[in-house]
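# An overview of the molecular structure
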Amino acid sequence: MQKRIRKAVFPVAGLGTRFLPATKSVPKEMMTVVDRPVLQHVVDEAREAGIEHFIFVTGRGKAVIEDHFDMAFELEATLKARGKEKEYAALMADLPPAGATSFTRQQAPLGLGHAVWCARELIGDEPFAVLLPDMITMASGARKERCLGQCIEAYNTHGGNIIAVEEVRMEETHQYGVVATGADHGHSFEITGMVEKPAKGTAPSNLIISGRYILEPEIFNILEHVEKGAGGEIQLTDGMKILAQTQSFHGVRFDGQTYDTGSKIGFLSANIAFALQRADLAPQLKIEIAKLLK
Ligand code: G1P
């Protein structure tokens, strides 16, 4: 019987330089996919997967993230006074329960490994999830769980550490962390190696680390000492590589769709894809897209 995954870390300190000028004064995580901030989509995925405590590793200029996950008294009172019950109920449904969020700051942009390490006191001694907010996922076909739900399912089978992966074209692997595969169980497989941002032509596979992890708490002691890696940053992948010497790592091929909203094409595609899932928007949007493509 595995421990329950109750807590999730959201590293949201990044500067969002790929989206300037949009992200000059608005955190990139607050840019909207349809009418929800990117980060809200990711928190939705975590809640659906049973996460109960949401830990945000923020930085300067990110205070609106804290406001977003709090009550907005004047707004809520005004909605009620104006009889906008539906809008009010929707806000309440999204609101995490009191005490279910924590915020800590990464004081300097030292890398993803360092950001996760900043959450060590808030996690304590239990396995936990990490969700990179650039990546938003959509369930597809027969499976209703999004990516983190599928990772937790694999964790319940294998225990240890779990990394969600996705196939990309071999020419794109140098932009990501990449895993090497061992024994294959179909949806999940044993991970036998990892490398962060492999030089072109050297990746061990075309399976990239796609932004959802289940990690055992032993990662924290490792991250404290891991040396700077790719890009001069403390890399989570380098920490996981060390942990893999003593603990198991399994990969999960996410059955569904992932959008990298940190890239412009990924962001635009996510907006179209999520809007096309909405009964109130899809019919008209299809007409507009057809007009634009003509
Ligand atoms: C990070 C991780 C990398 C992963 C990627 C997914 O890289 O270090 O392993 O493949 O996210 O988006 P970054 O995007 O911060 O360069």
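Provided above is the structure to which this section pertains.
Residues numbered from 1 in each chain as written. Predicted model: local features only at pLDDT ≥ 70, side-chain atom pairs only at ≥ 80, totals over all residues. Heavy atoms only, no water.

## Some details on the pairing of strand 1 (residues 7-11)
Burial within strand 1 is extensive, with five of its five residues counted as buried. Burial along strand 1 is two-sided: Lys7, Val9 and Pro11 and Ala8 and Phe10, pointing in opposite directions, are all buried. As judged from the five bridges shared by strand 1 and strand 4 (residues 53-58), these two strands associate in the parallel manner. Looking across to strand 4, one finds that Val9 is bridged to Ile55. In this sheet, strand 6 (residues 128-131) lies alongside strand 1 in parallel orientation, the contact comprising two bridges. Bridge pairing links Ala8 to Ala129 in strand 6. (Buried < 20%, exposed > 50% of the residue type's maximum accessible area, 1.4 Å probe, protein only. Helix = DSSP H or I, 4+ residues; strand = E, 2+ residues; numbered from the N terminus. Pairing = 2+ DSSP bridges.)

## Observations concerning the nonpolar core
One finds Phe10, Phe56, Leu148 and Ile214 to be the most contacted residues of the largest nonpolar core, which totals 40 residues. Residue assignment for this core shows that the elements contributing at least two residues are strand 1, helix 1 (38-48), strand 4, strand 6, strand 7 (135-139), helix 7 (147-158), strand 8 (161-167) and helix 10 (264-276). Setting aside anything within four residues of it in sequence, one finds Leu148 in contact with Glu45, Ala46, Ala49, Ile51, Ala129, Leu131, Arg212, Tyr213 and Ile214. Counting residues in hydrophobic clusters, the runner-up holds 32 residues, among them Val116, Val130, Phe189 and Ile234. (Core = buried A, V, L, I, M, F, W, Y, C linked by side-chain atoms within 4.5 Å. Contact = heavy atoms within 4.5 Å.)

## Some words on the site of the ligand
Residues in close proximity to the ligand include Leu112, Leu132, Met135, Tyr176, Gly177, Glu196, Lys197, Ile209, Gln235 and Thr237, which together make up its full environment. In the model, an oxygen atom of the ligand is placed 3.0 Å from a nitrogen or oxygen of the Gly177 main chain. Taking Glu196, its side chain carries an N or O atom lying 2.7 Å from an oxygen atom of the ligand. The fraction of the free accessible surface of the ligand (380 Å²) that becomes covered by protein chains is 78%. Of the residues that constitute the shell around the ligand, the class distribution is five nonpolar, three polar and two charged. (Near = heavy atom within 4 Å. Polar contact = N/O pair within 3.5 Å; in protein donor to acceptor, adjacent residues only side chain to side chain. Areas by Shrake-Rupley, 256 points an atom, 1.4 Å probe, with all protein chains shown as cover. Nonpolar A, V, L, I, M, F, W, Y, C, P; charged D, E, K, R; others polar.)

## Looking at the packing of helix 10 against helix 11 (residues 282-293)
Taken N-terminus to C-terminus, the directions of helix 10 and helix 11 make an angle of 135°; their axes are 8 Å apart at the nearest point. Classed by the angle they form, the pair helix 10 and helix 11 counts as oblique. Along its contact with helix 10, which presents Ile272, Ala275 and Leu276, the element helix 11 presents Ala282, Leu285, Lys286 and Ile289. (Axes fitted to C-alpha atoms, helices over the stretch in contact; angles between N-to-C directions. Parallel < 35°, antiparallel > 145°, perpendicular 65-115°, else oblique.)

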